[in-house]
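Remarks on the overall topology
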Amino acid sequence: MSLQICVGEYMASDHVGTSLSAAWLPTIRTERFVTSAKDGTVDRSPDQVPFIDTEILWTNPDSDPVYTYVSIQRAPRSLVTSTPNQLALMDGWSSDIGASPSAALPVGDGGGNSIRTMMVRSYEAQIYTRTFRDYDSAIVYVSPGAVDPGETLHFRYRCLFSTPGVWRSPLQPMHLAYARWARLRLFTRPAVTGGIA
Amino acid sequence: MTSPEECVDPGSFGVDADGGIYPLPHLTWRKVATSEMATIRRTFALTGNQAQDLATLRCSWTNTAPIPQRVYALLTRGSTTVTTCPRNHVYIETFYGSASGAAPADPSAETWVGRTGNGAYRGVYNGVTLQANWQTRLGQRTFGLGASSVIAPGATIKYAVRLRYDGWQWETTAVFGGSAEMEMSIDTGATQIDIFALPEWA
């Protein structure tokens, strides 16, 4: 039997022993790996169509607050289009923290990858074109904020396909979009004095 | 319970008002400073070489801990859109700089760390340049700014990030159909610097 001592934040002490608490340790709490549901040939899509849609629900089980940190890794992406049509794979994320959080539906609002070529003007005859663009895998880090003991983080991520702007039916069109996959990791670290979310 | 006040290492633990011991904040990984600027949207003339600095973002942190801290910075760049018309090659460049010490001067951002842009050209036919308007957008991404630094107690580290527009036009032959529906524009995306600190054991 060990001596129980009086401890403050980020410590635990009982008859078994005295230690740092779980909330003190920077760690990965959970991960998500999600594949795209709609890769391949695409067509005109003025409205955003989800290719990847995932979420994290995580409740702080410890007795101290933690700062959350989410890494969003997107797979290599590929887009192929024909003049003058724009293809876009937009990324959107949102978060909410509380007793019963509900993150808003993420919208693309301009973020993500897209290509467009306009080889002829809108009043000229269509021509045959192909434009290929491959984007390498990329990570972006997001800081949703502090999660108190017993509170829950709700984090949502979506990859959304759309075709913003004008659309003309090309000659022998080729329109392809590949979002492939995304991987989310939830990191936490102690919400100590002097640190920020 | 036993009061720990007299038997803990004051370099590792503090004792709070209730007599409870806690690990000192500077002994863990933490984000210590952040700075952000909004996207910049500009439209440029269809002809002529053009280059300009768009903005500089700064972020700094002073080590208030009693021991040195290992410090690094991450840059998160928002989605970057570049739209060009023929005979132009256009790109957004990112530069950074850092300075540290007791009272460092604001660094200038001269080290080149990022570039994204495009250009398309189909040549001249019957004396006029063929049209090719081209737009690309690169998604959000986070990457490191240079090496990490050891910052002594009381010392400060400052980071600066500069966004620059640069364009290269190599010929001035008229474009078939003139300037109708042509565009030269940029949307840089938001820019954020985050500074992180870790304990440094000398």
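Residues numbered from 1 in each chain as written. Chains lettered and ligands numbered in written order. Predicted model: local features only at pLDDT ≥ 70, side-chain atom pairs only at ≥ 80, totals over all residues. Heavy atoms only, no water.

1. Side note on the overall build of chain B
The number of helices and strands found in chain B is zero helices and 17 strands. Summarising its shape, the C-alpha atoms of chain B cover approximately 95 × 30 × 20 Å along the three principal directions. Sorting the 202 residues of chain B into buried and exposed places 53% on the buried side. The long-range fraction of contacts in chain B, counting pairs at least 24 apart against all pairs at least 6 apart in sequence, stands at 81%. Summing over all exposed atoms, chain B offers an accessible surface of approximately 8800 Å²; the carbon and sulfur share of this is 52%. (Helix = DSSP H or I, 4+ residues; strand = E, 2+ residues; numbered from the N terminus. Buried < 20%, exposed > 50% of the residue type's maximum accessible area, 1.4 Å probe, protein only. Contact = heavy atoms within 4.5 Å. Areas by Shrake-Rupley, 256 points an atom, 1.4 Å probe, with all protein chains shown as cover.)

2. A closer look at the sheet that holds strand 14 (residues 181-190) of chain A
All names here are of chain A. Within the open sheet, the four strands sit side by side as 3-14-6-11. Their pairing is antiparallel. Sheet topology places strand 3 (27-35) and strand 11 (138-147) at the edges, where each strand pairs with a single neighbour. On average, adjacent strands in this sheet sit at an angle of 15 degrees to one another, irrespective of strand direction. (Pairing = 2+ DSSP bridges. Axes fitted to C-alpha atoms, helices over the stretch in contact; angles between N-to-C directions.)

3. Brief notes about the environment of Thr142(B)
Within the fold, Thr142(B) resides in strand 13 (residues 141-144). A C-alpha to C-alpha distance of 9.1 Å links Thr142(B) and Gln192(B), two positions 50 residues apart in sequence. Filtering out sequence-adjacent residues up to four positions away, Thr142(B) remains in contact with Ile139(A), Val140(A), Tyr141(A), Leu74(B), Leu75(B) and Thr76(B). A distance of 3.0 Å separates a polar side-chain atom of Thr142(B) from the backbone nitrogen of Tyr141(A). Among the polar contacts made by the side chain of Thr142(B), one reaches the side chain of Thr76(B) at a distance of 2.9 Å. (Polar contact = N/O pair within 3.5 Å; in protein donor to acceptor, adjacent residues only side chain to side chain.)

4. Points about a nonpolar patch on the surface
Residues Tyr121(B), Val124(B), Trp168(B) and Trp170(B) make up a contiguous nonpolar surface patch of roughly 400 Å² in combined accessible area. Among the secondary structure elements, Trp170(B) is positioned in the loop between strand 15 (156-169) and strand 16 (185-187). (Patch = residues over 30% accessible without salt bridge, like charges linked within 9 Å, V, L, I, M, F, W, Y side chains within 5 Å. Salt bridge = Lys/Arg side-chain N within 4 Å of Asp/Glu carboxyl O.)

5. Looking at the pattern of salt bridges
Between side chains of opposite charge, pairing is possible as soon as their charged atoms come close. All names here are of chain B. On inspection of all chains with the given rule, the structure shows 14 salt bridges over all chains. A salt bridge links Asp187 to Arg41; the nearest nitrogen and oxygen atoms lie 3.0 Å apart. Residue Asp187 is found in strand 16, and its partner Arg41 is found in strand 4 (residues 41-43); the two are separated by 146 residues along the sequence. The closest approach of N and O atoms between Arg162 and Asp53, which form a salt bridge, is 2.9 Å. One end of the pair, Arg162, is in strand 15; the other, Asp53, is in strand 5 (residues 51-62), and 109 residues separate them in sequence. Judged by relative accessible area, Asp53 falls into the partly exposed class, the value being 42%. Through salt bridges with shared partners, a single network forms among Asp53, Glu110, Arg162 and Arg164.

6. Notes on unusual backbone geometry
Residues and elements named next belong to chain A. The amide bond that connects Thr83 to the next residue, Pro84, takes the cis arrangement and shows omega of -5 degrees. One non-glycine residue, Tyr10, lies in the positive phi region at around 60 degrees. Relative to the assigned elements, Tyr10 resides in the segment before strand 1 (11-13).

7. With respect to the confidence of the model for chain B
Averaged over all residues, the pLDDT of chain B is 92; the fraction at 70 or higher stands at 97%. Our summary of model confidence lists the complex with pTM equal to 0.93 and ipTM equal to 0.93. (pLDDT = per-residue confidence, 0-100.)

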